[in-house]
Number of protein chains: 2
Amino acid sequence: MRTLGSVAIVGAGQVGTMVGSALLEAGPALGITSVALYDADPQAAAASVALGGGDLVLPDPASVLQAQVVVLAIPVTEILAWLEEFGPRLREGGALLDTGSSKAAVVAAMARFVPEGVHAIGGHPMAGNEASGPSAAIPGALSEALFVLSPCRPDREALEIATALVAACGARPLVVEAPDHDRLLARTSHLPHLVASALAAVAAEVGDDLPLTQALAGTGFRSTTRLAASDSKMVAAFVSANRRQVEAALREFRRELDRLELALESGPGALEEVLGAGRVGHALVLGRA
Amino acid sequence: MRTLGSVAIVGAGQVGTMVGSALLEAGPALGITSVALYDADPQAAAASVALGGGDLVLPDPASVLQAQVVVLAIPVTEILAWLEEFGPRLREGGALLDTGSSKAAVVAAMARFVPEGVHAIGGHPMAGNEASGPSAAIPGALSEALFVLSPCRPDREALEIATALVAACGARPLVVEAPDHDRLLARTSHLPHLVASALAAVAAEVGDDLPLTQALAGTGFRSTTRLAASDSKMVAAFVSANRRQVEAALREFRRELDRLELALESGPGALEEVLGAGRVGHALVLGRA
């Protein structure tokens, strides 16, 4: 396996801290010489280092460019801005990986702004939860997690370096073309984020009934709306970057709601049938059918 | 505390088995002399008894009427049918409690079909999950769980008996008028059930992309769609029984979706704002704000 050298992570939140911790731990064996963190909020970077997310805090955004491997762990909108500003200045022969939840916009920006001599590739670690900030990093969450890799152009070395990084995190790499990733994530993640938020808003808009609503909100509500507690900026960024696919998923979702509502008008038997189809679909997607 | 005597539970599924187990355990101290189970599926009743859900299986539905306390743990549609058929034949001085997730239709049927001399009251234990059948009973799940009691008419003794039953289960009684229960549960539970089903259906309808969808469906998808695995007949029954409120909740939910979609068109900043409001609402409902 190739040696990775110095790593710099941009963004010391939940994902940046988890990736940094994993790389720092696996570091010596893989030739990782240092894991530096940069965050627009220096306190977040310091907190992350204190939690083992890296071994030093970088003072300014440009200092990231000195590292052999750069990992972007910031909201997708900021990744796009970063690529435009710093992409052209990345060091020749270095590597670049991001961790955003939308991939097509990211790899397009990589292809546009990152010189061919830099080994850039899109990435999406499928780990973490609705919490945010360095203290929300979950030790070991990357272990055995799926880590999607979406190439931005033919570059075998980019894929090799990224695969080594993913392996260093203990995660499982899976190469998925960006458009495929985005089409499916719109349905398995981005739409659920919007739906969780809408459900939470409906339950909160009960006026004087709020205390009783709080008492009656049970595990089903918690589960269905958990994603509504996610960092709004981060979610807005990846959903907006994947807007066309999310809009298509919303149209499909509205059709399913129509179907349920029509069945509800027809009676319990009709509704049971539509819910039964949803139950079968659920089992299918989770590989239980 | 009053002594409860013989108990018969109609329905040996997850809820019936959990209630039966709790009553059997607390039984001697509370004067419960036996916990008999009836289920249209005799094998389910036998399985429940084997799991400690009761101490005997009743052979036919009418034998339930011999018990001093009858607990209905069947889908709401079946509760309504049971009340019409057996309600008038309940023994004078006995007690009746149900466990359905919609209350207005149930207490209306109790008021109509159960003689005044029987101490009937609506109930809804807020425990259990998406699994079904006696083997899905979760030991201890009723302990500290909220158990809603919805009176069907002024009857202090019905409330006392039900409170004793709830206490025997280790749960916390909360008196909520049926219309209030149904209005709020439509938003915290019934709508989320429909939404989870619709989300699962969207994700399952990806054709050839199913294997990749399976790989990419993460914890967010699992959480948001967990309720889609619920027993379709049971969900169809309580949603249909609460149709008007569920339809109102669906209208509110569609308005929230419209708001999100409009914001998505405007850009990440606008979307972040609407998602931020959903996040605040989520924290409010869960008592974290």
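Residues numbered from 1 in each chain as written. Chains lettered and ligands numbered in written order. Predicted model: local features only at pLDDT ≥ 70, side-chain atom pairs only at ≥ 80, totals over all residues.

Chemist: Just checking my understanding: could you explain helix H2 (residues 42-50) of chain A for this structure?
Modeler: Of all the residues in H2(A), the buried ones are A:Ala44, A:Ala45, A:Ala47, A:Ser48 and A:Val49. The elements touched by buried residues of H2(A) are helix H1 (14-30), strand S2 (32-38) and strand S3 (56-57) of chain A. (Buried ≥ 20, exposed ≤ 12 C-beta atoms within 10 Å, placed from the backbone. Helix = DSSP H or I, 4+ residues; strand = E, 2+ residues; numbered from the N terminus. Contact = placed C-beta atoms within 7 Å.)

Chemist: What is the right way to read the interface of chain A and chain B from this model?
Modeler: Accessible area lost when the parts come together is the quantity often used to give the size of an interface. At the junction of the two partners, chain A supplies 80 residues and chain B supplies 79 residues. Secondary-structure elements contributing two or more residues to the side of chain A that touches chain B are helix H6 (178-204), helix H7 (210-216), helix H8 (219-225), helix H9 (232-241), helix H10 (243-266) and helix H11 (268-285) of chain A. Broken down by class, the residue content of the side of chain A that touches chain B amounts to 46 nonpolar, 21 polar and 13 charged. (Nonpolar A, V, L, I, M, F, W, Y, C, P; charged D, E, K, R; others polar.)

Chemist: In this structure, what is going on with the relation of the copies chain A and chain B? I would like to understand it.
Modeler: Two copies of a chain can be linked by a rotation about an axis combined with a shift along that same axis. Mapping chain A onto chain B leaves a residual RMSD of 0.0 Å; the transformation is a rotation of 180 degrees accompanied by 0.0 Å of translation along its axis. Expressed as a symmetry operation, the mapping of one chain copy onto the other fits a two-fold axis. When C-alpha positions in chain A are compared against the rotation axis, the closest is assigned to A:Thr224, at 2.0 Å. (Least-squares fit on C-alpha atoms with pLDDT ≥ 70 in both.)

Chemist: For this particular structure, what's the right way to read the sheet that holds strand S4 (residues 69-72) of chain B?
Modeler: Either a parallel or an antiparallel arrangement is found when strands of a sheet pair, and the pairing is made through backbone hydrogen bonds. All names here are of chain B. On the basis of which strands lie adjacent, the open sheet formed by 8 strands has the order S3-S2-S1-S4-S5-S6-S7-S8 and mixed pairing. Each edge of the open sheet is held by one strand with a lone partner, namely strand S3 (56-57) and strand S8 (172-175). As judged from the 4 bridges shared by S4 and strand S5 (residues 95-98), these two strands associate in the parallel manner. Bridge pairing in S5 links leucine 72 to aspartate 98. On the sheet, helix H1 (residues 14-30) packs against strand S1 (5-10), strand S2 (32-38), S4 and strand S6 (119-125) and is oriented at approximately 165 degrees with respect to S2. (Pairing = 2+ DSSP bridges. Axes fitted to C-alpha atoms, helices over the stretch in contact; angles between N-to-C directions.)

Chemist: Would you mind going over the domain arrangement of chain A with me for this structure?
Modeler: Residue and element names in this part refer to chain A. Here chain A is partitioned into domain 1 (5-176) and domain 2 (180-285). Distance between the C-alpha centres of domain 1 and domain 2: 30 Å. Between domain 1 and domain 2, the contact holds 15 residues from the first and 17 residues from the second. Sorting the residues of the side of domain 1 that touches domain 2 by element identifies helix H3 (76-86), helix H4 (104-113) and strand S7 (146-151) as the ones contributing at least two each. Among the residues forming the side of domain 1 that touches domain 2, the class breakdown is 6 nonpolar, 7 polar and 2 charged. (Domains from an automatic or database assignment.)

Chemist: Would you take a moment to explain H1(B) for this structure?
Modeler: Residues spaced three or four apart along an α-helix face the same direction, because each turn holds 3.6 residues. Residue and element names in this part refer to chain B. Under the 1.5 Å per step criterion, the end-to-end length of H1 is 23 Å for 17 residues, consistent within 8% with the ideal 24 Å. A maximum bend of about 40 degrees is found in H1 at leucine 24, where proline proline 28 lies one to four positions downstream. Turning to H1, the residues buried within the fold contact S1, S2, helix H2 (42-50), S4, S6 and helix H5 (156-168). Downstream of H1 by one or two residues, glycine 31 has phi in the positive range, about 75 degrees. (Expected span 1.5 Å × (residues − 1). Bend = angle between axes of the 7 residues up to and from the residue.)

Chemist: Help me out: how do you make sense of the sheet that holds strand S6 (residues 119-125) of chain A in this one?
Modeler: Residues and elements named next belong to chain A. In spatial order, the strands read S3-S2-S1-S4-S5-S6-S7-S8; together these 8 strands make up an open sheet with mixed pairing. Every other strand in the sheet has two partners, leaving S3 and strand S8 (172-175) as the edge strands with one partner each. When S6 meets S7, the two strands line up antiparallel, connected through 5 bridges. The residue bridging isoleucine 121 from the neighbouring strand is proline 151, located in S7. Contacting strand S5 (95-98), S6 and S7, H4 runs over the sheet at an angle of about 165 degrees to S6.

Chemist: Can you walk me through the pairing of S5(B) in this structure?
Modeler: Consecutive side chains along a regular strand alternate between the two faces of the sheet. All names here are of chain B. A two-sided burial pattern is seen for S5, the buried positions comprising Ala95 and Leu97 on one face and Leu96 and Asp98 on the other. A crossover links S4 with its parallel partner S5, the connecting element being helix H3 (residues 76-86), and its sense is right-handed. The pairing of S5 with S6 spans 3 bridges and is classified as parallel. Looking at the pairing, alanine 95 lines up with histidine 119 of S6. Of the crossover connections in this fold, the one passing from S5 over helix H4 (residues 104-113) to the parallel S6 is right-handed. (Right-handed = clockwise from strand over helix to strand, strands pointing away.)

Chemist: Would you explain unusual backbone geometry in this entry?
Modeler: If a residue is not glycine, its phi is most likely negative; likewise, a peptide bond is most likely trans. Its identity is not glycine, yet A:Glu144 carries a phi of approximately 70 degrees, on the positive side. Assignment of secondary structure puts A:Glu144 in the loop between S6 and S7.

Chemist: Looking at this model, I keep getting lost on the confidence of the model for chain A. Mind explaining?
Modeler: Interpretation of the predicted coordinates at a detailed level should be avoided for regions scoring low in pLDDT. Per-residue confidence for chain A gives a mean pLDDT of 95, with 99% of residues at or over 70. Under the prediction, the complex receives an ipTM of 0.94, its pTM being 0.95. (pLDDT = per-residue confidence, 0-100.)

Chemist: Sorry if this is basic, but what is going on with the environment of B:Leu286 here?
Modeler: Within the secondary structure, B:Leu286 is located in the segment after helix H11 (268-285). For B:Leu286, a count of 19 C-beta atoms within 10 Å gives the class partly exposed. If near-sequence neighbours (up to four positions away) are discounted, B:Leu286 is found in contact with A:Ala217 and A:Arg222.

Chemist: Quick question: what am I supposed to make of the environment of A:Met110 here?
Modeler: Residue and element names in this part refer to chain A. Considering the arrangement of structural elements, one finds methionine 110 in helix H4. Considering only alpha carbons, one finds methionine 110 and glycine 287, 177 residues apart in sequence, at a separation of 34 Å. In contact with methionine 110, not counting residues within four places along its chain, are Leu83, Ala120, Gly122 and Cys152.

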